Amino acid sequence: MSSHAAHAPIDHHHDHTTSTGIPNKKLLMWTFLASDCMFFGMLIATHLVYRLHPPPGAPAPQDVFDIELTSFSTFILLMSSLMMALAVNAIQKGNLKSMRWSLLTTILFGAIFLWCQVYEFDHFVKDRNFTLTNSLFGSTFYTLTGTHGLHVAIGVLWLIMMYVRSFQPVDTAKDRTWFLRNVLHVAAVIGVVLCAMFAVLNLVHVIQAGTGAGAFFSGSAGLLIGLAVSTAASLYFARPRGPVAFGESNAIDVESMGLYWHFVDIVWIVIFTAVYLLEYV
């Protein structure tokens, strides 16, 4: 773990070396989020306009949406914001172990949300014949929700990289394999997320088809092996190796990532209300 030697308290909210008093990393993130807010505003407005003029024969949204599943995924994403806040609070107090567990939980919740979206899209296309090209509503729906899903995927990747970064050793000159080890660690965690997502997706399809456990294990053998190998590799790379170059001074990096994650969650609340709930009013 990082050293907890006595030092002056770190002000995590102000930086007196900048002209604004705001840390440059945080100011840069706020600037990016402001531009992204306008981008999502345009997509949401476009969807709301086109939903008022559905083409003849277009499926009714109430007949397409699975509001229970979407409500569940929304709850999971909101809980991920709580875990992200706990991760920021933990690193500001120098509690590296708690930060890592909070980041891992946030990654898990983000992956569950992405799985729900992949399952939803697959269900819409195969069972409801609701595609990107068969109606304006479908075009704006998939563009808006798909863009948000991409933002969540980028956030999950960023979370994984931040988690792995927390294992970087203090003396990289003596540990020349640290960079390769961290790259493999990132790959292993991504492998766990992807294999788990698609294995669960296959399990749901098997349950719906009623073909039994044998069909699941035969059809998902590669995914299950990949999941086991990736999990073992992740645990191996996460084992303690001495002092690390990550601590309370890196809180601004975690907080900037937290700003992005909270923004993605807030945008989804707006999308969930404007795209899904509005159709049931």
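Residues numbered from 1 in each chain as written. Predicted model: local features only at pLDDT ≥ 70, side-chain atom pairs only at ≥ 80, totals over all residues. Heavy atoms only, no water.

Caption draft 1: Summary view of a nonpolar patch on the surface. A contiguous nonpolar patch, built from V49, Y50 and L136 and spanning about 250 Å² of accessible area, is present on the exposed surface. Relative to the elements of secondary structure, Y50 occurs in helix α1 (residues 24-50). Residue classification places Y50 among the partly exposed positions, given a relative accessible area of 35%. (Patch = residues over 30% accessible without salt bridge, like charges linked within 9 Å, V, L, I, M, F, W, Y side chains within 5 Å. Areas by Shrake-Rupley, 256 points an atom, 1.4 Å probe, with all protein chains shown as cover. Salt bridge = Lys/Arg side-chain N within 4 Å of Asp/Glu carboxyl O. Helix = DSSP H or I, 4+ residues; strand = E, 2+ residues; numbered from the N terminus. Buried < 20%, exposed > 50% of the residue type's maximum accessible area, 1.4 Å probe, protein only.)

Caption draft 2: Representation of the packing of α1 against helix α5 (residues 136-165) within the structure. Between α1 and α5, the shortest axis-to-axis distance is 7 Å and the interhelical angle comes to 155°. Compared by their axis directions, α1 and α5 come out roughly antiparallel. Here α1 runs over α5; the crossing is left-handed. Residues M29, D36, F39, F40, L43, I44, T46, H47 and Y50 of α1 lie in contact with α5, whose contacting residues are L136, F137, T140, F141, T143, L144, T147, H148, H151 and W158. Of the residues that constitute the contact of α1 with α5, the class distribution is eleven nonpolar, seven polar and one charged. (Axes fitted to C-alpha atoms, helices over the stretch in contact; angles between N-to-C directions. Parallel < 35°, antiparallel > 145°, perpendicular 65-115°, else oblique. Left-handed = near helix turned anticlockwise from the far one by under 90°. Contact = heavy atoms within 4.5 Å. Nonpolar A, V, L, I, M, F, W, Y, C, P; charged D, E, K, R; others polar.)

Caption draft 3: The packing of aromatic side chains, seen in detail. With the rule as written, the count across this model stands at 26 aromatic pairs. Geometrically, the ring pair formed by F137 and F141 is stacked, given 6.4 Å between the ring centres and 10° between the ring planes. Of this pair, F137 and F141 both sit in helix α5, four residues apart, which is roughly one turn of that helix. Here F137 matches F141 in class, with each residue buried. (Phe/Tyr/Trp six-rings, centres within 6.5 Å; stacked < 30°, edge-to-face > 60°.)

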